[in-house]
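# Tertiary structure, described
Next come the chains, spelled out residue by residue.
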Amino acid sequence: MGTILILANSSGGLYDFRNELLVGLLKKHKVAISLPDDVKVKELEAEGCQVIHTPINRRGVNPKEDGKLFFAYRKLLKEIRPDLVLTYTIKPNIYGGFACRMLKIPYMVTITGLGGAFDRKGFFLRMIIAMYRIGLRRAECVFFQNTENKGIFEGYGIRGKKARLVNGSGVNLSRHTFEPYPQGGKTIFLFVGRVMKERGILEFLEAAVRLHREDVEFAILGYCDEDYQELLNEYEEKGIICQWGFHTQVHPFLTKASAIVVASFHEGMSNALIEAAATGRPVIASNISGCLEAFEEGVTGFGFTPGNADALIEAMEKFLALSRQEQARMGKAARAKMEREFDRNMVIGAYLEEAEGILGQQAGKWK
């Protein structure tokens, strides 16, 4: 039995999208998890995981705070002495990578998306590239969730010992069951995700204003991650949008929707999109890597150029022009695509295969 340490920045994200992997690892190994919050700690501990609290500033670059994170990871690694470390998201990937390299502990990295970091210019971009190069250079395997992210890293010379492509976190088809398509009533466009500029909230709100009518509803499911709450309240008071709030269980809300809107500027692989598709709902999605892989134009949904409200509105109008029967067929096709390509069990299998291979090599060294 080995010890595996996971470095992540959200207990909710880890539990919702990677818990099946944790369960698989727990069958043979001890699993410790470093997290900055306690949203799903009770659930993780009940399964047998050891949870260690490690503060992380998820937004921005603060040298002092990021230095503390590196030293916290290094201290944790010295205390636990894991046989393998798995890291997720930017800061655990980079600073966890630094610490693992320094202590010569094997680690695997997952690139869950690039955010806006690689859109920057000058010193900031050079700094990010240099940090990624150092942090990932000794990674036993770097998992990518789309080919564009993989190509960007390769173009900048950011490499581990091995790279592997998976379809995001996959989707739990048992949890996100197919649901009959809504019949009658309003057409509901549901925005799912954090309310922030890079998730396309401004384009969604503009579409809500311009397409506002009695038989169409624009709803928002997610928490406000930037300073838009007053604007959302104003639009709700005017009857332009409905705020459905933040909920850890999204499936009941997906079933109410006619189509899910994913308007992000960047994605690793959109969990909102693949969960909606698994539920049997068509999608209106950004034509970007991380979304394009998960829908088929005119078959399971419609794409549009992110950051362009006119393009989003055009995609929504195409959807509104369909009959309910045609919309329902889109939903069925979306579910079928998830079953063929995005079953989470396939993604888990890839991680377990790599993890067991690395642990086997480590065991061989000690014989």
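Each remark here, short or long, concerns the structure printed above.
To keep things clear, this report deals only with the structure shown in the data block. (Residues numbered from 1 in each chain as written. Predicted model: local features only at pLDDT ≥ 70, side-chain atom pairs only at ≥ 80, totals over all residues. Heavy atoms only, no water.)

## Focus on the sheet that holds strand E3 (residues 50-53)
Pairing is parallel in the open sheet, where seven strands are placed in the order E3-E2-E1-E4-E5-E6-E7. Each end of this open sheet is capped by a strand with a single partner; those strands are E3 and strand E7 (163-165). Pairs of neighbouring strands in the sheet enclose a mean axial angle of 20°, with direction left out of account. For strand E1 (residues 3-7) and strand E4 (residues 84-88), the ladder comprises four bridges, and the chain directions are parallel. Its bridge partner being in E4, Leu-5 is matched across the sheet by Val-85. Strand contacts of helix H1 (residues 11-26): E1, strand E2 (30-35) and E4, with the helix running at about 165° to E2, the strand carrying the most contacts. Packing of helix H5 (residues 122-136) onto the sheet brings it into contact with strand E5 (107-111) and strand E6 (141-144), and relative to E5 it is tilted by some 145°. (Pairing = 2+ DSSP bridges. Helix = DSSP H or I, 4+ residues; strand = E, 2+ residues; numbered from the N terminus. Axes fitted to C-alpha atoms, helices over the stretch in contact; angles between N-to-C directions. Contact = heavy atoms within 4.5 Å.)

## Some words on the packing of helix H4 (residues 90-103) against H5
The geometry of H4 relative to H5 is characterised by a closest axis approach of 7 Å and an angle of 50° between their N-to-C directions. It follows from the interaxial angle that H4 and H5 lie oblique. Taken as a pair, H4 and H5 cross one another with a handedness that is left-handed. Residue-level contacts link Ile-90, Asn-93, Ile-94, Tyr-95, Gly-97, Phe-98 and Arg-101 of H4 to Met-131, Tyr-132, Ile-134, Gly-135 and Leu-136 of H5. (Parallel < 35°, antiparallel > 145°, perpendicular 65-115°, else oblique. Left-handed = near helix turned anticlockwise from the far one by under 90°.)

## Regarding the pairing of strand E12 (residues 283-286)
As paired strands, strand E11 (residues 259-262) and E12 are joined by three bridges and run parallel to one another. The residue bridging Val-261 from the neighbouring strand is Ile-284, located in E12. Read from E11 through helix H10 (residues 271-279) to E12, the crossover connection turns out right-handed. As judged from the four bridges shared by E12 and strand E13 (residues 301-304), these two strands associate in the parallel manner. Opposite Val-283, over in E13, you have Gly-301 as the bridge partner. (Right-handed = clockwise from strand over helix to strand, strands pointing away.)

## Considering the packing of aromatic side chains
Scanning the entire structure with this criterion turns up 16 aromatic pairs. Taking the centre distance of 5.7 Å and the plane angle of 85° together, the rings of Tyr-95 and Phe-98 count as edge-to-face. Within this pair, Tyr-95 and its partner Phe-98 are both found in helix H4, separated by three residues, close to a single helical turn. By relative accessible area, Tyr-95 is classed as buried at 9%. Ring pairs connect the aromatic residues Phe-118, Tyr-132, Phe-144, Phe-153 and Tyr-156, which therefore count as one cluster. The residue whose ring lies beneath Lys-256 is Trp-244, and the NZ or CZ to ring-centre distance is 5.9 Å. (Phe/Tyr/Trp six-rings, centres within 6.5 Å; stacked < 30°, edge-to-face > 60°. Buried < 20%, exposed > 50% of the residue type's maximum accessible area, 1.4 Å probe, protein only. Lys NZ or Arg CZ within 6 Å of the ring centre and 35° of its normal.)

## Topic: the side chain of Arg-18
Structurally, Arg-18 can be placed in helix H1. At 8.9 Å, Glu-20 is the nearest oppositely charged side chain to Arg-18, a buried residue that forms no salt bridge. A distance of 3.5 Å separates the side chain of Arg-18 from the side chain of Ser-169, its partner in a polar contact. (Lys, Arg positive; Asp, Glu negative; His and termini not counted. Salt bridge = Lys/Arg side-chain N within 4 Å of Asp/Glu carboxyl O. Polar contact = N/O pair within 3.5 Å; in protein donor to acceptor, adjacent residues only side chain to side chain.)

## Comments concerning the pattern of salt bridges
Going through the model one piece at a time under the given rule, you end up with 19 salt bridges. With its nearest N and O atoms 2.8 Å apart, the salt bridge here joins Asp-310 to Arg-210. Of the two residues, Asp-310 is situated in helix H11 (residues 309-320) and Arg-210 in helix H7 (residues 201-210); the sequence distance between them amounts to 100 residues. Residue Arg-210 is classed as partly exposed on the basis of its relative accessible area of 45%.

## A few points about the packing of helix H3 (residues 63-80) against H4
Packing of H3 against H4 brings their axes to within 9 Å, and their N-to-C directions diverge by 50°. If you check the angle between H3 and H4, you find them oblique. Along this stretch, H3 crosses H4, giving a crossing that reads as right-handed. Contact residues: Asp-66, Leu-69, Phe-70, Tyr-73, Arg-74, Leu-77 and Lys-78 in H3; Lys-91, Pro-92, Tyr-95, Gly-96, Phe-98, Ala-99, Cys-100, Met-102 and Leu-103 in H4. Each residue belonging to the contact of H3 with H4 can be placed in one class, and the counts come to 11 nonpolar, one polar and four charged. (Nonpolar A, V, L, I, M, F, W, Y, C, P; charged D, E, K, R; others polar.)

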